[in-house]
Every structure is written in structure tokens, then in C-alpha cells.
Amino acid sequence: MITLLLVDDEPMLLKSMAANGWERIGIECVLPASSGLEAAEILKTTSVDLVVTDIRMPGMDGLQLCKHIQERYPRTKCILLSGYGEFEYARDAIRYGTANYLLKPVKDEELMDEVARVKSLIERERERIGSFEEARRTLHVHLPLLRSNLLIDLLAGNSVSHSELARKMDEYRLPFELGRECAMLLIRLDGGFGESDEDSLLYEFAVHNIAGELLESDFHVWSCKDSYGYLCYMLQAKTTDRGTSDGRIHDAALNRTAQELQAKVFGYLKGRISVLIGSPCRLPEQVAEPYRQSLNAIRKVPRSERGIVVRAEEPLPQIAPLHSLYSPPSFQQLLEAGRWADARVKLSSVFEELRARKLDTEEHMLEIVCSLTNSFLYIAHLQSKTLMELSGLEADLASDPRRLSQSGRVAKWAGKLLDSLESVGVRELKDAKNQLIVKIHRFIEERIAEDVSLQTIADHVKLHPVYLSSLYKQEMKENISDFILRYRMEKAGILLRATDIKIYELASRMGFQNPPYFSKLFKNYYGVTPQEYRDRHQAES
């Protein structure tokens, strides 16, 4: 809507101008003022787009009013009316930014046409300013995302020319200098934060704000959240006591900053974070490799360390496998046999080993998730179904590694998925054959050090040995003796890798009274003797 203010000290002329049919040209609001001073008062409280004013008026004349408007309301347009055609008036009117200068007496049609022309000018200017302001607001709103995406591209090693990168950094208001040394920090939220996704995002936002406030006092800061869920910060030294004259960043400064950040996060949020300090790098060509090194290093740091500061080049513990995850019976075998209670016990043993050996790293979480997901998928596909069809949306959780980077979440995810599979009855425990297989396997596992011959098993389940052997082979696609040997050898392999048990003690525990015979069978199974097997795995770890 365009608001028009008419100013003239002649009442009849003012009334005549106000009575024109302004609505015909889209002017919906017309305000009259009998003097320049009255017009100035109206302008204080009303947004006026266009002023048509006489020049000759007592108090504040038209030129003074135009000057007043230009100084205080620069977007308001003015049209001057006067019975004087002197050049000085026209020159002053132009100097004060008037849209036009009309000589009295002016015809109504002429005035209407001029107001319509200026109205179109105002509308075009509004549209142009509106588009610019909208673009500026959009850019401002999206600046954090644009900066983050650009840094993610650099971390991923995506090629960006120096000129294009410089242009974007200038457009995104990033005060970094290309070619200068940078430091990199990776921050991981370890514990004490919310369990739900909503809580995690809020705490993550709070940690990011604390980090930004602390870092920006001494460094230029460029940040993003990478695809693994870590908060990543690129830093360039400002001219402070923490930066040297050549722009280098002291190691001691980074350590001190990281420790201050940990202290503030714990003080304000009662949460723990781990901070990894990456190797120095230069923008843009030296960013991707130090990031990969930092990523590899932080994935080795257990969350049970309760928040630490480490450097990417420091030696870290070697990754070791989770023995309980692979010891027989496997998780897949338990699911296939419908042994839900035993599957839960195995899950508990995996996470207990994780806690006891302080192996709760991202690498081990991924190992657990991949292993369990493979087992779940196998069971689903046995039924000619997708895992989602059997379990619902729980299966989708594994598609985002950031949501399964903590042992508590992984355990909860696995438990829910197991409950879902059990509830739909992948293998009904009422099935007599299924129950029989469960009973046979439990008997073998519990008495592996004793006599587990076909006859003893048949006696236990009260079936004829020949019938039992045939039934087992039909259901499991292998002989009972093959299962017993495989179970003994795999169990022996786990114990050799995870314990210091003597070979003869191991043979006895696996049901062999003759250690050399055990060693012979073991070599036939693995291709190496028990001692060679142990030596090889100890060397690898």
C-alpha cells in the first residue's frame, strides 16, 4: 500500500487535491497537512511513501521539508509544487532528492500522472530492495550451513581451486588466509549427556557454543559436524599471546585450550568430552590427510577413558578383537535355533567384555553392529523377508553410525531388535524339532569336557542314536560329530587367543585326554599347532 501526504497552506487547494480520485491509480491512503511543520509531525508517527508539497509555506517551506525528509526518511519520495519557475528552486529541489518539480497551476491529470509515475518507481525500488534484503537474510541464515559444507568438502579431499575457495571464504565471511598454518580439533561427546536424540542435539549445540566462545577469543574458527558425528574445528592464530608472529600455533596453547574446554563443558553441562588435536596443516591442500589421521586416532580412544586430550601423532592402544562376540555358539547360531534367552546372555557377555577390557571405541561399536546386523539379516532372509519386515524400523538405526557410537545405545538397539525378532517367531520354540536341536546344543556346550558321544546325547534326549543322527543331519545340514569338533576347535581358538591356558589343560577342557591327539586335530582344523596359533595371534596384537 502506498501512503501519500499532501502539503499546502491554501485550504481550498489542499482540499481539492485530496478530493482527487487517488484510488484509481492505487493510492489507498491520502493524508493532508496545512504546513511543513504539521507534515513533519505526521512523518514522526506515520510511514509515508510519497509527499506532494508546495514550496511557499510559512514556518517550514517545501524545500526545508524536502531536506528534512531526505535526512530522516531517505526512502520517502517528494514532488514539489510552486508558482515560481526560477532555476534556483529547481536546483535546490534536485539537491534535496525530490522526484520531480511541477509548476503551478498544475492540472489534476498532470499531478495524477506524476504521482502514478513516482508510485511505480517506489514499487520497483521496493521489489529490488526486498529481493536484496531477502537474499541477504537468506545468506545470513544459511551462513553456518554454507561454511560447514565447505569445510566438509575440504576434509573429504574434494578439489576446490584457490580462486574459488578464496571467493567463497570471502562471501562466507571466513577470515582464514590460504597457505597459512592451521590447527585441527576433533571433539567427541563421551558421557553425561542426554540419551535421546533430542537431548544429544541440544547438548551438542551447547558444547559447540562453549567451544566457539572459548576458541574465538584467540583463534579464527571454522567449524562443522562431520559424517561421524564429531565436532571439527579448524583454527588459525590471531595476534595474541597464543599465536606467534609467523602465525604458528603453540602446542601448549592447544593443550591448554582443550583442557579449558573440557573443564567448562563439565562445569556447565556435567558432561565429558574427548578432544583430539590433529597435526598442523595448511589450507587447502593439507587438510584432508591430517583429518583422516585424526579420525583414525580418535576412533581408537575408548569412551571409558572419561574424557581425555590426545594428539593424532601419539601412540594409541592397538585394536583388539572381542573374543566373546565370536566364541561358539555364534550369535547367528543362537538366533537360528531360536535360543532367545541364550542370545541375550551372549549379548550381555559381549558388552561385559567391552567394559572389562575398556574397548568401548567407535571401531568396536562398528564391529559389534556389523556382526549383529549380519546375523539379524541372515535370519530374516531365511524367512524370505527383509529385516524391516520382521523387526520394523528398528533395523534402520544401524544405517547411521553416529547413532550407534556408544555402547549403551548399541546394547539398547540390539536388545530391541532381538525382542522384535522373537515376537514375530522367526523359529517357533513350540516346534518339536527346534526344541530338540536347542536341547542337543546345550547338552554339548555344557559337557564339552566330558563324554558327548552320539550315544550319550541320544540317551539324554531319549531317542535312538540312528534316528537322532538322521534328524540332526536333516535339520542342521551337518553331522553331530562335525558340530562337536567345530565347537571344540573354535572354543579352543578363542581360549588360545584370550587366555594363557596351558595346551594340556586346554585339551582336557575340550574333552581330550590325549594332548597330542588334540594337537593333531587342531592342526588339521587350523593348519597350525595350538602353540603356533597362539604365537601368531599374540604377534598380531
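Everything quoted here is computed from the prediction, not taken from an experiment.

1. Quick word on the overall build of the chain
Move 1: When its secondary structure is counted, the chain shows 22 helices and 11 strands.
Move 2: Of all 541 residues assigned to the chain, the portion counted as buried reaches 45%.
Move 3: At a minimum sequence separation of 6, the contacts of the chain that also span at least 24 residues come to 68%.
Move 4: Accessible surface computed for the chain: about 27,800 Å², of which carbon and sulfur atoms make up 52%.

2. Some details on the sheet that holds strand β5 (residues 100–103)
Move 1: Pairing within the open sheet is parallel, and its five strands lie in the order β2-β1-β3-β4-β5. Two strands bound the open sheet, and with one partner strand each, they are β2 (27–33) and β5. Taken over all neighbouring pairs, the strand axes of this sheet differ in orientation by 20° on average, direction set aside.
Move 2: Note that strand β1 (residues 2–7) and β2 share six bridges and pair parallel. Each residue of the ladder has a partner; that of Leu5, found in β2, is Leu31.
Move 3: Along the sheet face, helix α2 (residues 36–45) touches β1 and β2 and points at about 135° away from the line of β2.
Move 4: Contacts between helix α3 (residues 62–72) and the sheet are confined to β1, β3 (50–54) and β4 (77–82), with β3 contributing the most and set at about 155° to the helix.

3. Observations regarding the pattern of salt bridges
Move 1: Taken as a whole and assessed by the stated rule, the structure comprises 26 salt bridges.
Move 2: Two residues, Asp190 and Arg303, come together in a salt bridge whose shortest N-O distance is 3.5 Å. Residue Asp190 is found in strand β6 (residues 181–191), and its partner Arg303 is found in the loop between α9 (288–298) and β11 (309–311); the two are separated by 113 residues along the sequence.
Move 3: Between Arg339 and Asp342 there is a salt bridge; the shortest N-O distance is 2.8 Å.
Move 4: Overlapping salt bridges bring together Glu164, Arg167, Lys168 and Glu171 as one network.

4. Details of the nonpolar core
Note that soluble globular proteins tend to have their nonpolar side chains buried in a common cluster.
Move 1: Counting residues in each nonpolar core, the largest one holds 30 residues, and the members touching the most others are Leu155, Met169, Trp222, Met234 and Leu283.
Move 2: Elements represented by at least two residues in this core include exactly α5 (108–155), α6 (162–171), β6, β7 (219–225), β8 (231–237) and α9.
Move 3: Looking at this core, the element that brings in the most residues is α5, giving five residues.
Move 4: Dropping the residues within four chain positions of it, Leu155 is found in contact with Met184, Cys224, Cys232, Val287, Ala288 and Tyr291.
Move 5: By size, the runner-up hydrophobic cluster in this structure holds 27 residues, among which are Leu322, Ile368, Trp413 and Leu418.

5. Considering empty space enclosed by the protein
Move 1: All told, the structure shown has one cavity of 30 Å³ or more when counted by the stated rule.
Move 2: Space inside the largest cavity adds up to approximately 40 Å³.
Move 3: Only α11 (331–336) and α16 (432–446) provide two or more residues apiece to the lining of the largest cavity.
Move 4: Per-class residue counts for the lining of the largest cavity are four nonpolar, two polar and two charged.

Criteria and cut-off values
- Residues numbered from 1 in each chain as written.
- Predicted model: local features only at pLDDT ≥ 70, side-chain atom pairs only at ≥ 80, totals over all residues.
- Heavy atoms only, no water.
- Helix = DSSP H or I, 4+ residues; strand = E, 2+ residues; numbered from the N terminus.
- Buried < 20%, exposed > 50% of the residue type's maximum accessible area, 1.4 Å probe, protein only.
- Contact = heavy atoms within 4.5 Å.
- Areas by Shrake-Rupley, 256 points an atom, 1.4 Å probe, with all protein chains shown as cover.
- Pairing = 2+ DSSP bridges.
- Axes fitted to C-alpha atoms, helices over the stretch in contact; angles between N-to-C directions.
- Salt bridge = Lys/Arg side-chain N within 4 Å of Asp/Glu carboxyl O.
- Core = buried A, V, L, I, M, F, W, Y, C linked by side-chain atoms within 4.5 Å.
- 1 Å grid on protein atoms, 1.4 Å probe; cavity = no way out; pocket = protein on both sides within 12 Å on 5 of 7 lines; lining within 4 Å.
- Points joined across faces, edges and corners; volume = space filled by probe spheres on them.
- Nonpolar A, V, L, I, M, F, W, Y, C, P; charged D, E, K, R; others polar.

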